[in-house]
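Structural description and commentary
Below, each chain spelled out in residue letters.
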Amino acid sequence: MMQVHPDNPEIPQPRGPLERYCAICFGILLLVFAWIVQTDDLVHCFEVSGLIFSFCGILKGFCHLSEEIVYQFRPRYRNSLMEALKACFNWKNVCVAVFLCFVSFKPEDCTRILATCACVMLFTGSQLSGPLAVEISAICENRKMNVAHGLAWSFYIGYLKLVLPRLKDSIQTFCDKGNFVLNCKDTWKLHILMPLSCTIPDKLEEEDSNIEFLDNLPDIVIDRAGVRRRVYKHSLYAVYDDAKRPHHCVLECATPLLSLYEMSKESSAEFSTEDRLEQAKLFYRTLKDILDNSRDCRNSYRFIMYDDSEAAEDPHFLSKVILKHLQQQEKEEYSLSEGSEVQTDQHEAMSRDPTLMISNDAPRSLMSQQYTQ
């Protein structure tokens, strides 16, 4: 079953260990078949196969080492031979090859070993057995080497981490000036638009006529990276529903997605539309994971991620998406506030001092009535 993100089925979860489990199962299954049809010593065949596999890994290491020593030795490894060897060889694989060579190698196996290794080297040199796209993607995700990871962390460290803790104070200052469009403090959040196409308009009202720019919140001024009094702005919008009723929110787009869009337009970046879509999803997942673990930014943001591939068919597509999230947010905040009120009432009832009740009636026995026949 495909793993999907709990918030949105379009967002993939990190890859799990299913691939390794399948490889182990295939290995066991093939060993069983080999045992059934065996015409030779199965254990020796297994040992020789392991020797061939390990020896091919060593030969690949020497191929990589030639490039690293000749052209990359100084800039990448600072003239350290040990660092270059660590990068090119898997020492566990070397130990296995040495062990199997002493344990299982026989002269009559030499031809088969050399022929198989030659075949592997030719396949490798002609790039017929290079890493698959899914393998490269898995390595980049596991080691946080994707473009999306860098953009997400940059967006958080350089922007969201600075402005989100100050956002509610900025909104409070805006309301103190007589602006009462944002009455509910539970919705004082930065709503961040994330279209999967990475197509971001400079003016939202030009994208959808049901969206109206109202005003900018008071500036957030921070000394940052040598720039004195750097200014950060947030914009307040009114989003109209079908009945032309306004719904107000602080709204902006995730600007790193615009970088992904521009990269896909530059031929030198070698960044396809499919790459852009994958990185946009990873950007959302990575940024959400970062902010979910940030105490300073908690309850001050909301992501609005949407697939805008069919937006051209509906001129009010964007406003409907925003309204859907705003209505969902109102329901969530209402349910949370309702639950907190119930808990408060229960707490007050349990914490109330006990009252002693005194009756003026004379005491009565437990058997107050006689039954007569």
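Let me begin by describing the structure that accompanies this report. Model, not experiment: these values are computed from the prediction.

Rules used in this analysis
Residues numbered from 1 in each chain as written. Predicted model: local features only at pLDDT ≥ 70, side-chain atom pairs only at ≥ 80, totals over all residues. Heavy atoms only, no water. Helix = DSSP H or I, 4+ residues; strand = E, 2+ residues; numbered from the N terminus. Buried < 20%, exposed > 50% of the residue type's maximum accessible area, 1.4 Å probe, protein only. Contact = heavy atoms within 4.5 Å. Areas by Shrake-Rupley, 256 points an atom, 1.4 Å probe, with all protein chains shown as cover. Patch = residues over 30% accessible without salt bridge, like charges linked within 9 Å, V, L, I, M, F, W, Y side chains within 5 Å. Salt bridge = Lys/Arg side-chain N within 4 Å of Asp/Glu carboxyl O. Lys, Arg positive; Asp, Glu negative; His and termini not counted. Charge placed at Lys NZ, Arg CZ, Asp CG, Glu CD. Phe/Tyr/Trp six-rings, centres within 6.5 Å; stacked < 30°, edge-to-face > 60°. Expected span 1.5 Å × (residues − 1). Bend = angle between axes of the 7 residues up to and from the residue. Core = buried A, V, L, I, M, F, W, Y, C linked by side-chain atoms within 4.5 Å. Axes fitted to C-alpha atoms, helices over the stretch in contact; angles between N-to-C directions. Parallel < 35°, antiparallel > 145°, perpendicular 65-115°, else oblique. Left-handed = near helix turned anticlockwise from the far one by under 90°. Pairing = 2+ DSSP bridges. Polar contact = N/O pair within 3.5 Å; in protein donor to acceptor, adjacent residues only side chain to side chain.

1. Thoughts on the overall build of the protein chain
Looking only at helices and strands, the protein chain features twelve helices and seven strands. For the protein chain, the residues scored as buried account for 34% of the 373 residues in total. Pairs at least 24 residues apart make up 67% of the contacts formed inside the protein chain by residues separated by at least 6 positions. Of the roughly 25800 Å² of accessible surface on the protein chain, 56% is carried by carbon and sulfur atoms.

2. Concerning a negative patch on the surface
A cluster of acidic residues, D202, E205, E206 and E212, forms a negative patch at the surface. Inspection of the secondary structure puts E206 in helix α9 (residues 204–207). Taking the relative accessible area as the measure of exposure, E206 reaches 64% and is therefore exposed.

3. With respect to a nonpolar patch on the surface
On the surface, L18, Y21, I24, F26, I28, L29, L30, V32, F33, W35, I36 and V37 cluster together into a nonpolar patch covering about 1300 Å² of accessible area. Summarising the element assignment, V32 is placed in helix α1 (residues 18–36).

4. Topic: the packing of aromatic side chains
This model, assessed by the stated rule, comprises ten aromatic pairs. When the centroid spacing of 6.2 Å and the interplanar angle of 40° are considered together, the rings of F155 and F283 count as tilted. Of this pair, F155 sits in helix α8 (residues 147–176) while F283 sits in helix α11 (residues 273–292), placing them 128 residues apart in sequence. Taken individually, F155 and F283 each receive the classification buried, so the pair is uniform in this respect. Aromatic side chains Y284 and F303 sit 5.7 Å apart centroid to centroid with 65° between the ring planes, which places their arrangement in the edge-to-face category. Taken together, the positions of Y284 in helix α11 and F303 in strand β7 (residues 301–306) put the pair 19 residues apart, joining distant regions of the chain. Assessed through its relative accessible area of 6%, Y284 is described here as buried. Among the aromatic residues, those joined into a ring-pair cluster are F155, Y159, Y232 and F283.

5. Digging into the environment of I58
Looking at the element boundaries, I58 is found in helix α2 (residues 42–71). Taking the C-alpha atoms as reference points, I58 and N93, separated by 35 residues in sequence, lie 7.6 Å from one another. With residues up to four places along the chain from it excluded, the contact list for I58 reads F89, N93, V94 and A97.

6. Side note on α8
Helix length check: α8 (30 residues) gives 41 Å between terminal C-alpha atoms against 44 Å at 1.5 Å per residue, within 8%. At L160, α8 shows its maximal bend, which comes to roughly 50°. One or two residues past the end of α8 sits G178, with phi positive at roughly 100°.

7. Structural notes on the nonpolar core
Grouped together as the largest cluster of nonpolar side chains are 61 residues, with contacts concentrated most on L160, M194, F283, L287 and I322. Broken down by element, this core gets its largest block of residues, 14 residues, from α8. When sequence neighbours within four positions are dropped, the list of residues in contact with I322 reads L193, I211, V239, C249, L251 and I304. Core analysis: the next-biggest nonpolar cluster, separate from the first, contains ten residues, I58, Y77, L85 and C88 among them.

8. Some thoughts on the packing of helix α10 (residues 255–265) against α11
Packing of α10 against α11 brings their axes to within 10 Å, and their N-to-C directions diverge by 165°. The angle between α10 and α11 falls in the class roughly antiparallel. Like other packed secondary-structure pairs, α10 and α11 cross with a definite hand, here right-handed. Residues P256, L257, L260, Y261, S264 and K265 of α10 form the contact with α11, whose own contacting residues are R276, Q279, A280 and F283.

9. So, the sheet that holds β7
Pairing is mixed in the open sheet, where five strands are placed in the order β2-β5-β6-β1-β7. Strands with a single pairing partner mark the edges of an open sheet, and in this sheet they are β2 (211–216) and β7. Taken over all neighbouring pairs, the strand axes of this sheet differ in orientation by 40° on average, direction set aside. Bridge count between strand β5 (residues 235–240) and strand β6 (residues 246–253): five bridges; the pairing is antiparallel.

10. Focus: the side chain of H234
Locating H234 in the fold gives a position in the loop between β4 (227–232) and β5. The class for H234 is buried, based on a relative accessible area of 2%. At 3.2 Å, the side chain of H234 forms a polar contact with the side chain of Y159. Here H234 is in contact with Y159, V163, L167, L190, D215, N216, L217, I220, V250 and E252, once residues within four sequence places are set aside.

By themselves these figures say nothing about function.
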